[in-house]
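Each chain, letter by letter, is given below.
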Amino acid sequence: MGPNNDTAGFAEMAMPHLDAAYNLARWLTRDPADASDVVQEAMLRALRFFGSFRGGNGKSWLLAIVRNTAIDWIRANRPAQIAPAPADDSDPFENIADEGDDPEAALIRVSDRRQIDRLIAALPTEFRECLVLRELEELSYKEIAAVTGVPLGTVMSRLSRARLLLQRALVRENAQ
Amino acid sequence: MTQRIDHAEAKALMQASLDGELDAMSQLRFDAHLADCPACTAEYARLKALSVAVRTQATRYVAPAELRAALAKALPLDVQDPPKPSNVVPLRRWFRPAGAGFAVGAALAASLAVMIDTRNADDMLATSIVTAHVRALQPGHLTDVQISDQHQVKPWFDGKIDFAPPVKELSDQGFDLVGGRLDYIDGREAAVIVYRRKLHMIDLFVTHASHGGGHPDSLPAAHATPSGYNVVRWSDNGQDYWAISDLNRNELGDFAKAWLGR
């Protein structure tokens, strides 16, 4: 097995997940050109690390590298976007509807595709990544924990927070 | 009798229920609470609507062609042989071993796109079966009907799908029948019959055969997928079968043989 075979093996494993990799990078960087740069860099890193990949979940493995590459990129180029992690680990079971229940809020109306994209893009990075991995990539909590490198309880609380913020933003905008 | 849960506990379980992450018992208890709590029912509906809105309306970005081309240059990849159309799907083509069947291609820039776009349909199918299997392994998702008796599993499928998947009792050969569920593979309805060998779950996906198909002329052999699961595929009597498991290849091959009665 030469290096070429390793590369082919890597491509076989990684390329089916290229769209998922790009989608995550695109949502994290919020810019198409930056997302392409991040994915290229992540693929090269992944190829370098491929020797240490011992089977298992290829998608999670690759997305974790894409995620870390994207966060490194944002830190280097847009440091203001990475705020210090909020203290969201205190109550992993915190859920939506901790506010008074407004009957109007029951109606989740989305005026168009651009609106929901814009509101998700406005979420803080650590909430946005959980939401994208769960709803768009359909990863399990465990897989999201593996990709983002945080405990399961934190994944749950971030996801809950992301949904709460998104719901509030939708209700606020569409009530006007 | 399931133990009742209070309002606070139901709230704590709500998101996990929405995301299909509850074990069967917690799910039952949550459902029971929902049945007589209008507040939780409304809140659950709201969460569900939000989730659906995100899934259906948010953009899933697709890697641009230029990125694929740039990656093709960066990674010294070769072009995969285009798969030849064939009535009989060679069992060994499921996932080629790394490097096998690759030839040096002239158009490197296009190679990655070629490789993706021409991945043969079976590879895509295998990927979606792996995905379905992994999803099913999440707590509470394994089986819709959990009965270890073929006479109960078989009628359960009646009226749910338009074909009758054979449900075989193989416990005398070390494969215990656990139950069944419905799934979708590549847009087709599939009956999934779930077996267990020791601690390993085996999902047997059954669909209408994609191309006719009589009795297999050779014994199927199991193959590893890149994600580490082993898969074995065969066709029999107009139906396609895929067995997937983290069981080792030999034993999964034994499962196929046992099922085929050989």
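Since we're looking at a predicted model, the values are computed, not measured.

Student: I keep staring at the overall build of chain B and nothing clicks. Help me out?
Tutor: Helix and strand counts for chain B come out as 8 helices and 8 strands. By residue count, 32% of the 262 residues in chain B fall in the buried class. Once local pairs closer than 6 in sequence are excluded, the contacts in chain B between residues at least 24 apart make up 61%.

Student: What's the story with the overall build of chain A in this structure? I'm lost.
Tutor: Tallying secondary structure elements over chain A gives 8 helices and 0 strands in all. Every one of the 176 residues in chain A was classed for burial, and the buried ones make up 45%. Long-range pairs, those at least 24 residues apart, make up 72% of the contacts in chain A between residues at least 6 apart in sequence.

Student: Got a minute to help me understand helix 1 (residues 7–18) of chain B in this structure?
Tutor: Three- or four-residue spacings in an α-helix give side chains the same orientation, since the helix completes a turn every 3.6 residues. Between its terminal C-alpha atoms helix 1 of chain B stretches 16 Å, which fits the 16 Å expected from 12 residues at 1.5 Å a residue. Inspection of helix 1 of chain B places B:Ala10, B:Lys11, B:Leu13, B:Met14, B:Gln15 and B:Ala16 among the buried residues, and these make up the whole buried set. On its buried side, helix 1 of chain B packs onto helix 8 (152–175) of chain A together with helix 2 (24–35) and helix 3 (38–57) of chain B. The first or second residue beyond helix 1 of chain B is B:Gly20, which carries a positive phi of 65°.

Student: What should I look at first to understand helix 2 (residues 18–29) of chain A in this one?
Tutor: Residue and element names in this part refer to chain A. Look at helix 2: 16 Å from first C-alpha to last across 12 residues, which is about the 16 Å you get at 1.5 Å a residue. By the criterion of burial, helix 2 is predominantly enclosed, with 11 of the 12 residues buried. Among all positions of helix 2, only Leu-18, Ala-20, Ala-21, Tyr-22, Asn-23, Leu-24, Ala-25, Arg-26, Trp-27, Leu-28 and Thr-29 are buried.

Student: Help me out: how do you make sense of the packing of helix 1 of chain B against helix 2 of chain B in this one?
Tutor: Between two packed helices, both the angle of their axes relative to each other and the distance between the axes serve to describe the pair. Residues and elements named next belong to chain B. Taken N-terminus to C-terminus, the directions of helix 1 and helix 2 make an angle of 115°; their axes are 10 Å apart at the nearest point. Helix 2 is crossed by helix 1, and the crossing has left-handed handedness. Along the contact surface, helix 1 presents Ala-10, Leu-13 and Ser-17, while helix 2 presents Ser-26, Gln-27, Phe-30 and His-33. Looking at the contact of helix 1 with helix 2, its residues break down into 3 nonpolar, 4 polar and no charged.

Student: Even after reading the chapter, I still don't get the pairing of strand 4 (residues 188–197) of chain B, so can you show me in this structure?
Tutor: Within a regular beta strand, the side chains point alternately toward one face of the sheet and then the other, so they alternate between its two faces. All names here are of chain B. Bridge count for strand 3 (residues 176–185) against strand 4 is 9 bridges, and the pairing is antiparallel. The residue bridging Asp-183 from the neighbouring strand is Ala-190, located in strand 4. The loop that links strand 4 with its antiparallel partner strand 5 (residues 200–208) comprises 2 residues; one of these, Lys-198, has a positive phi angle of about 50°.

Student: Explain unusual backbone geometry here, please?
Tutor: Excluding glycine, most residues fall at negative phi; most peptide bonds, likewise, are trans. Residue and element names in this part refer to chain A. Phi is positive for Arg-30, which is not a glycine, with a value near 60°. The topology assignment puts Arg-30 in the loop between helix 2 and helix 3 (32–49). Even without a glycine there, the phi angle at Glu-138 is positive, about 55°. Mapped onto the elements of the fold, Glu-138 is located in the loop between helix 6 (125–136) and helix 7 (141–148). Note on Glu-138: 14 C-beta atoms within 10 Å, which makes it partly exposed.

Student: In this structure, what is going on with the nonpolar core? I would like to understand it.
Tutor: In globular proteins that are soluble, nonpolar side chains generally tend to be buried together. By size, the foremost hydrophobic cluster in this structure holds 64 residues, and its most contacted members are A:Ala21, A:Leu24, A:Ala25, A:Val39, A:Val66 and A:Leu131. Ignoring sequence-local partners within four residues, the contact set of A:Val39 consists of A:Ala21, A:Tyr22, A:Ala25, A:Val66, B:Ala63 and B:Leu67. With 32 residues, the next largest nonpolar core counts B:Val130, B:Ala190, B:Val206 and B:Trp259 among its residues.

Student: Before we go on, may I ask you to explain the confidence of the model for chain B in this structure?
Tutor: Low-pLDDT portions of the prediction should not be read for the details of their coordinates. All names here are of chain B. Scored by pLDDT, chain B has a mean of 71; 64% of the residues are at 70 or more. Confidence, read as mean pLDDT per element, is least for strand 2 (residues 102–103) in chain B (28) and greatest for helix 3 (91). The low-confidence segment residues 78–120 (pLDDT under 50) makes 70 contacts with residues lying over four places distant or belonging to another chain. Complex prediction metrics read pTM 0.55 and ipTM 0.85.

Criteria and thresholds
- Residues numbered from 1 in each chain as written.
- Chains lettered and ligands numbered in written order.
- Predicted model: local features only at pLDDT ≥ 70, side-chain atom pairs only at ≥ 80, totals over all residues.
- Helix = DSSP H or I, 4+ residues; strand = E, 2+ residues; numbered from the N terminus.
- Buried ≥ 20, exposed ≤ 12 C-beta atoms within 10 Å, placed from the backbone.
- Contact = placed C-beta atoms within 7 Å.
- Expected span 1.5 Å × (residues − 1).
- Axes fitted to C-alpha atoms, helices over the stretch in contact; angles between N-to-C directions.
- Left-handed = near helix turned anticlockwise from the far one by under 90°.
- Nonpolar A, V, L, I, M, F, W, Y, C, P; charged D, E, K, R; others polar.
- Pairing = 2+ DSSP bridges.
- Core = buried A, V, L, I, M, F, W, Y, C linked by C-beta atoms within 7 Å.
- pLDDT = per-residue confidence, 0-100.

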